[in-house]
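Listed here are the chains, written in short residue letters.
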Amino acid sequence: KQEVTQIPAALSVPEGENLVLNCSFTDSAIYNLQWFRQDPGKGLTSLLLIQSSQREQTSGRLNASLDKSSGRSTLYIAASQPGDSATYLCAVTGAQKLVFGQGTRLTINP
Amino acid sequence: GAVVSQHPSWVICKSGTSVKIECRSLDFQATTMFWYRQFPKQSLMLMATSNEGSKATYEQGVEKDKFLINHASLTLSTLTVTSAHPEDSSFYICSAVLHTHNSPLHFGNGTRLTVT
């Protein structure tokens, strides 16, 4: 059974810092991994999708990497801003469909 | 980009009544739609997968007679919570995808259901 773990559960950093969010999964047989952002009481916004054959994807200040063999992904956020404050979820798609991590609640302090 | 519209965004209902939640893909045809629920401070849990024109596939532990899913067209799926109880109060989110596995999921903004 696929399990997805995100560390840390919560993170608070000053504005302007670069930061890394971690995601690990137990079953490497995945089709893709996706990072989402969720604002309180809102749905999910897709940030980056990495296919199983890819190593990383970049969008603006965001960079996501995937190491399928070790079951790990990281989301790197450069030059963080208060507007980046949200919960970040990673999810893997495999035989068991989409499995989400518990999320990392990120707070960027002005 | 692909847009998924979910309605209503919030609803309060009395125990024993039924509530219908709609999920529409506005600018693409979704072959598959997914329904999730999320309890406070927890991650999303998949409830069911619905493919247009066929019966939904429910995850283990999800009562199909309580959570009725209809996917009548490629742009609309509905979730009906029947005979709602306070423990059904949760955040329900739908997502839609054009092709499974290789395409990103697009999510609605969710529906906050409160059963009194």
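Our structure is the block above this text.
Calculation rules
- Residues numbered from 1 in each chain as written.
- Chains lettered and ligands numbered in written order.
- Predicted model: local features only at pLDDT ≥ 70, side-chain atom pairs only at ≥ 80, totals over all residues.
- Heavy atoms only, no water.
- Salt bridge = Lys/Arg side-chain N within 4 Å of Asp/Glu carboxyl O.
- Helix = DSSP H or I, 4+ residues; strand = E, 2+ residues; numbered from the N terminus.
- Buried < 20%, exposed > 50% of the residue type's maximum accessible area, 1.4 Å probe, protein only.
- Core = buried A, V, L, I, M, F, W, Y, C linked by side-chain atoms within 4.5 Å.
- Contact = heavy atoms within 4.5 Å.
- Buried area = accessible area lost by both parts, 1.4 Å probe.
- Polar contact = N/O pair within 3.5 Å; in protein donor to acceptor, adjacent residues only side chain to side chain.
- Nonpolar A, V, L, I, M, F, W, Y, C, P; charged D, E, K, R; others polar.
- Pairing = 2+ DSSP bridges.
- Axes fitted to C-alpha atoms, helices over the stretch in contact; angles between N-to-C directions.

A. Structural context of the pattern of salt bridges. Residue and element names in this part refer to chain B. Scanning the entire structure with this criterion turns up four salt bridges over all chains. Asp 88 is paired through a salt bridge with Lys 66; the nearest N and O atoms lie 2.8 Å apart. Placement of Asp 88 in the loop between strand S8 (76-81) and strand S9 (90-97) and of Lys 66 in the loop between strand S6 (57-58) and strand S7 (67-73) is noted, with a sequence separation of 22 residues between them. When its relative accessible area of 5% is taken as the criterion, Asp 88 is described as buried. We classify Lys 66 as buried; its relative accessible area is 11%.

B. Spotlight on the nonpolar core. Among the nonpolar cores identified, the biggest contains 24 residues, and Leu33(A), Trp35(A), Leu75(A) and Tyr88(A) are the most heavily contacted of them. Among the secondary structure elements, those contributing two or more residues to this core are strand S3 (19-25), strand S4 (30-38), strand S5 (44-51), strand S7 (62-67), strand S8 (72-77), strand S9 (86-94) and strand S11 (104-109) of chain A. Counting residues in hydrophobic clusters, the runner-up holds 23 residues, among them Val11(B), Met33(B), Leu79(B) and Ala84(B).

C. Representation of the interface of chain A and chain B in the model. Contacts between the two partners involve 19 residues from chain A, matched on the other side by 20 residues from chain B. Between chain A and chain B the total buried area reaches about 1,500 Å² when both faces are included, carbon and sulfur atoms providing 56% of it. The largest contributions to the chain A side of the interface with chain B come from Leu44(A), Lys97(A) and Phe100(A), which together make up 28% of the buried area. The interface formed by chain A and chain B includes zero salt bridges. At the junction of chain A and chain B, the tally comes to one residue pair in polar contact (both at pLDDT 80 or more). Listing elements by their share of the side of chain A that touches chain B, those giving two or more residues are S4, S5, S9 and strand S10 (97-100) of chain A. Here the side of chain A that touches chain B gets five residues from one element, more than from any other, and that element is S4(A). Residue composition of the side of chain A that touches chain B, by class: seven nonpolar, 10 polar and two charged.

D. Seen up close, the sheet that holds S7(A). All names here are of chain A. The five strands are arranged S1-S3-S8-S7-S6 in an open sheet whose pairing can be described as antiparallel. Only two strands of the sheet have a single neighbouring strand rather than two, namely strand S1 (4-7) and strand S6 (56-59). Taken over all neighbouring pairs, the strand axes of this sheet differ in orientation by 15° on average, direction set aside. Inspection of the sheet shows S7 paired to S8 by six bridges, in the antiparallel sense. Residue pairing for S8: Asp 67 is matched across the bridge by Arg 72.

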